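# Structural description and commentary
Listed below, chain by chain, are the residues.
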Amino acid sequence: MEDDSPEDTSAPDETADPRDDEQVNIAKEIFSRQEDPIFANKSLLEISHIPSFERIVGRDEEIRKLSEELRGAVQGYSPENVIVYGKTGTGKSLVSKYVSSQAVSNAHTDVNIGFQYLDCSTDNTETQAASTLARSFNDSSKTGFDIPERGLSTAAYYKRLWRTLEELYDVVIIILDEADMMADDNLLMKLSRAGESGNTDCRIGVIAISNKIEWADDLNERVKSSLQPKELSFHPYDADQLEEILQHRRDAFKPDVLEDGVVQLCAAYAASDFGDARKAIDILRHAGNIAYERNAANVTEQHVQDARTKAEKDRFKELIEGIPQQAKASLLALAILSLNSEQEEFPTQLVYRQYQNICENIDQGVRSERRFRDILKELAFLGIVDNRKENLGRSGGITLLNRLVEEPEIVYEIIREDSRFASLTNHLSDN
Ligand SMILES: Nc1ncnc2c1ncn2[C@@H]1O[C@H](COP(=O)(O)OP(=O)(O)OP(=O)(O)O)[C@@H](O)[C@H]1O
């Protein structure tokens with residue numbers, strides 16, 4: 001039976017861990033810090049933040065082209081369908097959302113335009129996508145009906161979508177981000193044929209975004225023929241553009257907190273990593289966090305370097321954590337060789353000897369050299385190791401040279417964090 005008498009709060013709790021108090025105090029101390037000496041408005045550096053137009057940099061041409069394609073919408077005509085492609089972090093989603101929102105706010109007075117953004121990596125089935133679109137376009141106070149999130153058939157969701165569009169809009173723009181993640185082309189087919197099939201008189205324009213250039217070519221011929229898409233490609237940003245993007249978010253920090261060279265260094269790192277604006281913003285935010293954690297008064301170039309190393313390490317850690325122990329030992333062998341030498345590339349035989357040393361040192365079974373070669377190939381397939389053949393002439397024959405893609409210090413540290421390699425003695429490089 002349950003006892004519902006009030007708890008006796010006066011008696012000391014024998015089971016309470018004295019550390020709990022300490023922990024409460026640590027948390028309290030952190031949460032009650034009033035003044036943030038580093039950040040003035042950290043949300044400007046959050047990935048979900050959509051910057052205002054003044055902060056969108058270096059994409060005037062793309063904004064102009066996309067606006068041209070959607071121009072008809074503001075007058076109540078069909079907008080063109082557009083496929084936007086380009087590498088990650090090149091501003092595709094940002095520009096698509098911005099131009100669509102501008103179409104809505106510049107619509108002629110007698111034209112009702114709506115736009116919705118759908119993340120196809122989340123809503124990747126036709127039913128989920130139709131459900132999300134129908135619900136996000138619907139305004140039950142105007143249509144008089146609600147649309148449940150789940151439980152209806154695909155056809156029923158489409159029916160409600162068409163009804164909503166018919167009742168509320170003259171034109172809609174639908175952004176399908178990561179469109180290549182959709183399980184099939186059915187949604188694109190239905191949206192592009194909605195008028196022709198007599199489902200709705202509302203004009204529908206689709207902006208399909210993808211990182212994969214070949215995606216548009218692989219679309220079903222019937223979809224291509226009804227979509228008739230225009231294509232718009234986004235190029236990676238160069239270091240100057242990335243610097244400008246970051247300069248426009250300087251006010252995320254307190255005045256004079258960023259030391260000279262900090263913004264330029266973040267931009268240079270991100271430019272060498274495929275011109276990704278998301279990465280540039282991430283590095284700057286992490287550098288600010290590191291400065292805060294270290295109670296520094298300024299964000300310095302050293303903080304940026306540390307932020308980058310940390311970001312690299314996190315990304316790599318995720319990748320390496322998933323590989324088998326034998327592959328980790330092989331990778332560690334290559335890392336130790338790299339750390340103990342001026343060279344970057346090593347012949348497979350030498351890496352194998354180092355690998356044998358490691359396995360013996362930590363009491364792990366040793367694979368044959370043939371199997372070891374396969375492991376190196378698998379690591380190359382994962383993009384962790386680079387290997388190339390070199391002809392050493394008549395005497396040497398052909399040898400495979402292996403190189404770590406990532407900094408050896410980072411690889412070494414990550415693998416040593418795995419408890420199975422913790423007992424490894426140092427200085428294993430002597431062969
Ligand atoms: N030209 C720009 N000016 C200002 N900020 C930008 C610019 N381009 C991108 N960003 C910022 O960089 C981040 C990534 O941009 P966005 O999501 O638009 O890239 P994407 O090309 O769609 O990337 P993905 O393919 O990975 O989705 C966002 O936080 C965005 O605000």
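Residues numbered from 1 in each chain as written. Predicted model: local features only at pLDDT ≥ 70, side-chain atom pairs only at ≥ 80, totals over all residues. Heavy atoms only, no water.

### Notes on the packing of aromatic side chains
This structure, assessed with the given rule, holds 6 aromatic pairs. Taking NZ or CZ as reference, Lys-97 lies 4.2 Å from the ring centre of Tyr-117, over its face. (Phe/Tyr/Trp six-rings, centres within 6.5 Å; stacked < 30°, edge-to-face > 60°. Lys NZ or Arg CZ within 6 Å of the ring centre and 35° of its normal.)

### Here we look at the layout of surface pockets
When its volume is computed, the largest pocket comes out at roughly 660 Å³. What lines the largest pocket is a set of 32 residues, and nearest its centre among them are Ile-47, Gly-91, Ser-93, Leu-94 and Arg-278. Of all elements in the fold, only helix H3 (92-105), strand S2 (113-119), strand S4 (203-210) and helix H11 (277-293) reach the threshold of two or more residues within the lining of the largest pocket. Examining the composition of the lining of the largest pocket, we find that 4 residues originate from one element, H3, more than from any other. For the lining of the largest pocket, the per-class residue count stands at 12 nonpolar, 9 polar and 11 charged. Summarising the domain contributions, the lining of the largest pocket has at least three residues from each of domain 1 (53-234) and domain 2 (238-318). (1 Å grid on protein atoms, 1.4 Å probe; cavity = no way out; pocket = protein on both sides within 12 Å on 5 of 7 lines; lining within 4 Å. Points joined across faces, edges and corners; volume = space filled by probe spheres on them. Helix = DSSP H or I, 4+ residues; strand = E, 2+ residues; numbered from the N terminus. Nonpolar A, V, L, I, M, F, W, Y, C, P; charged D, E, K, R; others polar. Domains from an automatic or database assignment.)

### A few points about a nonpolar patch on the surface
A cluster of nonpolar residues, Leu-319, Phe-381 and Leu-382, forms a patch on the protein surface that exposes about 330 Å² of accessible area. Within the secondary structure layout, Leu-319 lies in helix H12 (residues 301-321). The class of Leu-319 is partly exposed, set by a relative accessible area of 30%. (Patch = residues over 30% accessible without salt bridge, like charges linked within 9 Å, V, L, I, M, F, W, Y side chains within 5 Å. Areas by Shrake-Rupley, 256 points an atom, 1.4 Å probe, with all protein chains shown as cover. Salt bridge = Lys/Arg side-chain N within 4 Å of Asp/Glu carboxyl O. Buried < 20%, exposed > 50% of the residue type's maximum accessible area, 1.4 Å probe, protein only.)

### What to know about the side chain of Gln-326
Inspection of the secondary structure assignment puts Gln-326 in helix H13 (residues 325-339). Taking relative accessible area as the criterion, Gln-326 reaches 11% and is therefore assigned buried. There is a polar contact of 3.3 Å between the side chain of Gln-326 and the side chain of Gln-364. Beyond its immediate chain neighbours, meaning those up to four positions away, Gln-326 contacts Tyr-355, Cys-359, Gln-364, Gly-365, Arg-367 and Ile-375. (Polar contact = N/O pair within 3.5 Å; in protein donor to acceptor, adjacent residues only side chain to side chain. Contact = heavy atoms within 4.5 Å.)

### Comments concerning a negative patch on the surface
On the surface, a cluster of negative charge is made up of Glu-214, Asp-217, Asp-218 and Glu-231. Looking at where Glu-214 falls in the secondary structure, it is placed in the loop between S4 and helix H8 (221-227). (Lys, Arg positive; Asp, Glu negative; His and termini not counted. Charge placed at Lys NZ, Arg CZ, Asp CG, Glu CD.)

### As for the site of the ligand
Close to the ligand lie 22 residues; Val-57, Thr-88, Lys-92, Ser-93 and Tyr-237 are nearest. Interatomic distance of 3.0 Å between a backbone N/O atom of Thr-90 and an oxygen atom of the ligand. The side chain of Arg-249 places a nitrogen or oxygen atom 2.9 Å from a nitrogen atom of the ligand. Contact with the protein chains removes 94% of the 630 Å² of surface that the ligand exposes when unbound. More than half of the atoms of the ligand fall within 2 Å of the grid points belonging to the largest pocket. Counting only elements with at least two residues in the shell around the ligand, the list comes to H3 and H11. In terms of residue class, the shell around the ligand is built from 9 nonpolar, 7 polar and 6 charged. (Near = heavy atom within 4 Å. Sits in = over half its atoms within 2 Å of the grid points.)

### Focus on the domain arrangement of the protein chain
Here the protein chain is partitioned into domain 1 (53-234), domain 2 (238-318) and domain 3 (322-421). Centre-to-centre, using C-alpha coordinates, domain 1 lies 34 Å away from domain 2. Counting residues at the interface gives 7 residues for domain 1, matched by 10 residues for domain 2. Interface of domain 1 and domain 2: buried area, both sides summed, is about 800 Å²; carbon and sulfur atoms make up 46% of it. Looking at the side of domain 1 facing domain 2, the largest losses of area belong to Arg-55, Val-57 and Gly-89, adding up to 64% of the total buried there. For the interface between domain 1 and domain 2, the tally reads 0 salt bridges. Our enumeration of links across domain 1 and domain 2 arrives at 2 residue pairs in polar contact (both at pLDDT 80 or more). Classifying every residue of the side of domain 1 that touches domain 2 gives 1 nonpolar, 4 polar and 2 charged. (Buried area = accessible area lost by both parts, 1.4 Å probe.)

### Points about the sheet that holds strand S6 (residues 345-347)
Two strands in a sheet stick together by hydrogen bonds in their backbones, pointing the same way (parallel) or opposite ways (antiparallel). Overall, antiparallel pairing links the 3 strands, which are arranged S6-S8-S7 in an open sheet. Every interior strand has two partners, whereas the edge strands, S6 and strand S7 (385-391), have only one. Taken over all neighbouring pairs, the strand axes of this sheet differ in orientation by 30° on average, direction set aside. Across 7 bridges, the pairing between S7 and strand S8 (residues 398-404) is antiparallel. By the bridge assignment, Asn-391 is partnered in S8 with Ile-398. Contacts from H13 reach S6, S7 and S8 within the one sheet, and its direction differs from that of S8 by about 85°. (Pairing = 2+ DSSP bridges. Axes fitted to C-alpha atoms, helices over the stretch in contact; angles between N-to-C directions.)

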